[in-house]
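# Examination of the molecular architecture
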Amino acid sequence: SSIPIQVQNLNLGALSVTLESITVSPNFLNLLVGQTQQLTVTAQMSDGSSQDVTTQASYTSSNSSIASVSQSGQVTANSAGAATISVSYQGKTASVSVLVSVPVVIVEDLTVQPNPVSLSVGETQQLTVVARYSDGTAKDVTGSALYTSNNPSVAAVSAGGLVTGVAPGSTALAVAYGGRSAVVAVSVGAGGEAPVVVPPPPRGGSLPSVISPPPRPGLPVRGERPSGGVPAVLPAERLPAGSPQVVPAPSRAGGVGYGVVRPGRPGAS
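Description of the structure in this document.

Our next topic: the overall build of the protein chain. Along its length, the protein chain carries 0 helices and 24 strands. Per-residue burial over the protein chain gives 29% buried out of 269 residues. Here the analysis covers contacts within the protein chain between residues at least 6 apart in sequence; of these, 48% occur between residues at least 24 apart. Taken as a whole, the protein chain presents about 16000 Å² of accessible surface, with 53% of it coming from carbon and sulfur.

Next up, the structure:
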């Protein structure tokens with residue numbers, strides 16, 4: 001005998017795919033103040049597939065003053081310290097540790113102006129020092145730099161960067177700040193010479209245009225020049241180049257004699 005077999009169609013339906021976990025990349029951030037980092041959130045599904053759910057996830061920071069996070073998952077480092085970014089999506093969560101530090105800014109270059117320095121005995125020149133940093137900024141550090149003269153008997157320099165000509169000659173100054181240094185060449189010329197005394201000119205006469213022996217060239221001169229018969233003070237910086245200048249000086253007779261000199265260079269004082 002035969003046994004009848006009945007076959008039924010079983011419709012099991014489509015198998016449902018569920019969310020198993022989420023991962024965040026990167027899962028640890030080491031940022032400098034001011035830097036940003038975009039997070040990426042990936043959903044791992046039960047069928048082995050994965051989906052980018054960065055824009056659908058939610059984000060919170062344990063300390064926004066240290067590290068804040070936008071709703072799109074971008075982290076911004078605000079101040080030094082540690083914080084945790086919590087990420088959630090459809091009931092699944094993950095966290096990202098964030099360490100924020102202050103960037104180390106170093107001096108990359110040091111410039112000194114003027115350089116080189118040329119002055120006469122007794123004259124002074126103020127230096128200006130500018131430090132340029134690794135973050136692209138620049139700062140005047142004249143008052144903070146360290147100054148040293150290789151030969152203070154020729155040119156001295158103060159703690160504030162004021163150079164003084166002491167004696168004729170050449171030397172160098174070392175300027176240091178923030179681990180960087182610069183060298184300034186200094187040339188000191190001779191100072192002024194005592195005026196040469198000559199007898200006053202006769203009435204109606206004129207002073208000689210040159211004297212013998214002439215003063216050494218290159219010497220700064222400060223004096224007076226007659227103007228309409230009345231001596232008028234004429235600062236050395238206004239002395240015409242190459243023209244004779246009159247310097248009053250006591251004469252042996254008790255009156256006033258006059259020395260006539262030619263300035264060694266324009267603008268000398």
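Let's pick the thread back up.
Attention now goes to the side chain of T171. Relative to the helices and strands, T171 is located in strand 19 (residues 169–177). Within the structure, T171 has its side chain in polar contact with the backbone nitrogen of N151 (distance 3.2 Å). Once residues lying within four places of it in the same chain are set aside, the contact partners of T171 are S149, N150, N151, V154, A155, V184, A185 and V186.

Bringing the environment of A57 into the picture now. Inspection of the secondary structure puts A57 in the loop between strand 5 (50–52) and strand 6 (58–61). Each C-alpha atom of the pair A57 and S72 lies 8.0 Å from the other, and the pair is 15 residues apart in sequence. Apart from the residues lying within four places of it in its own chain, the contact partners of A57 are V41, Q71, V87, S88 and Y89.

Further remarks concern the sheet that holds strand 12 (residues 117–120). Strand order in this open sheet of 4 strands is 12-20-19-16, and the pairing throughout is mixed. Single-partner strands in this sheet number two, and they are strand 12 and strand 16 (146–149). Averaged over all pairs of adjacent strands, the angle between strand axes in this sheet comes to 25°, irrespective of strand direction. Note that strand 19 and strand 20 (residues 180–189) share 9 bridges and pair antiparallel. Note that in strand 20 the partner of A172 across the bridge is A185.

Glancing now at the sheet that holds strand 15 (residues 138–140). Across the sheet, which stays open at both edges, the 3 strands sit in the order 11-14-15 with antiparallel pairing between neighbours. The two strands at the open ends of the sheet, each matched to only one other strand, are strand 11 (107–113) and strand 15. The sheet shows a mean angle of 20° between the axes of neighbouring strands, direction not considered. Bridging between strand 11 and strand 14 (residues 128–133) involves 6 bridges; their strand directions are antiparallel. By the bridge assignment for strand 14, D109 is matched with R132.

Thresholds applied
For every chain, the first residue of the written sequence is number 1, and numbering continues from 1 onward in sequence order. At least 70 in pLDDT is required for a residue's local features to be given in this predicted model, at least 80 for side-chain atom pairs to be given and counted, and no such filter applies to totals for whole chains, interfaces and linings, which use all residues. With hydrogens and water set aside, each side-chain value is computed from the structure's full complement of heavy atoms. The helix count covers DSSP runs of H or I at least four residues long, the strand count covers runs of E at least two residues long, and both are numbered beginning at the N terminus. Here the term buried applies to any residue with accessible area under 20% of the maximum for its type, exposed to any over 50%, and partly exposed to those in between, with areas from a 1.4 Å probe on protein chains only. A contact between two residues is defined here by any heavy atoms of the two lying within 4.5 Å. To be clear on the numbers: accessible area is Shrake-Rupley with a 1.4 Å probe, and residue cover counts the displayed protein chains and nothing else. What qualifies as a polar contact is a pair of N or O atoms within 3.5 Å, subject to a donor-acceptor requirement within protein and to the restriction that residues adjacent in sequence count only when both atoms come from side chains. For two strands to pair, DSSP has to find at least two bridges joining them. Axis lines are fitted to C-alpha atoms, over the contacting stretch for helices. Their N-to-C directions set the angle, which ranges from 0 to 180 degrees.

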